[in-house]
Amino acid sequence: CAFCVNQHAAICGGFGIEPDPASPEHTRFEANRSDSVTGDYHRGCPCQEPKHWQGDLCEMNKFDEMMQLLHKQVPDLCQVVAMDRNFD
């Protein structure tokens with residue numbers, strides 16, 4: 001079983017819904033959307049793919065449920081994570 005997430009349908013154009021500025025989550029939000037050295041905001045992807053941050057069309061909020069389902073239905077479940085070491 002292999003599955004992936006279309007990041008252009010979720011996170012490439014921004015950083016999600018901004019939390020309340022008075023909340024602790026806002027500090028992390030600010031840190032994640034800016035360069036830790038220069039403080040400049042990261043640029044988003046200019047693609048025109050519609051974004052889905054939540055709901056049925058969102059691909060980012062279903063990982064936990066999918067892993068729970070697979071764990072129940074596949075007795076010897078193993079997970080392999082592959083990523084680009086240089087993120088390019």
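Scroll up to find the structure this text is about.
So, here's what we can say about the structure. Remember, predicted model here, so these are calculated numbers, not experimental data.

All right, on to the overall build of the protein chain then. Each helix and strand in the protein chain was counted, giving two helices and zero strands. Taken over the C-alpha trace, the protein chain has a radius of gyration of 16 Å; the compact-globule value for 88 residues is 12 Å, which it surpasses by more than 25%. Considering only C-alpha atoms, the protein chain reaches an extent of 45 × 30 × 25 Å along its principal axes. Taken across its 88 residues, the protein chain has 12% of its residues classed as buried. For the protein chain, restricting intrachain contacts to residue pairs at least 6 apart in sequence, the fraction spanning at least 24 positions comes to 54%. Here the protein chain contributes 7 positively and 14 negatively charged side chains, and the mean placements of these two sets differ by 2 Å.

One pass over the structure, following the stated rule, counts one salt bridge. Residue Glu30 is joined to Arg33 by a salt bridge in which the shortest nitrogen-to-oxygen separation is 2.7 Å. The exposure class of Arg33 is buried, given its relative accessible area of 18%.

The next thing to look at is the side chain of His26. Relative to the elements of secondary structure, His26 occurs in helix H1 (residues 24-32). Residue contacts for His26: discarding those within four places in its chain leaves Glu18, Pro19, Asp20 and Pro21.

Taken together, the side chains of Val5, Ile11, Ile17, Trp53 and Met60 present a nonpolar region at the surface, about 440 Å² in accessible area. On the basis of relative accessibility, which here comes to 35%, the residue Trp53 falls in the partly exposed class.

Attention now goes to the environment of Asp35. Relative to the assigned elements, Asp35 resides in the loop between H1 and helix H2 (63-73). Take Asp35: its relative accessible area is 28%, and that puts it in the partly exposed class. Asp35 has contacts with Asp40 and His42, leaving out every residue within four places of it along the chain.

Definitions and limits used
- Residues numbered from 1 in each chain as written.
- Predicted model: local features only at pLDDT ≥ 70, side-chain atom pairs only at ≥ 80, totals over all residues.
- Heavy atoms only, no water.
- Helix = DSSP H or I, 4+ residues; strand = E, 2+ residues; numbered from the N terminus.
- Rg over C-alpha atoms; globule rule 2.2 N^0.38 Å.
- Buried < 20%, exposed > 50% of the residue type's maximum accessible area, 1.4 Å probe, protein only.
- Contact = heavy atoms within 4.5 Å.
- Lys, Arg positive; Asp, Glu negative; His and termini not counted.
- Charge placed at Lys NZ, Arg CZ, Asp CG, Glu CD.
- Salt bridge = Lys/Arg side-chain N within 4 Å of Asp/Glu carboxyl O.
- Patch = residues over 30% accessible without salt bridge, like charges linked within 9 Å, V, L, I, M, F, W, Y side chains within 5 Å.
- Areas by Shrake-Rupley, 256 points an atom, 1.4 Å probe, with all protein chains shown as cover.

Interpretation in functional terms is not warranted from these geometric data alone.
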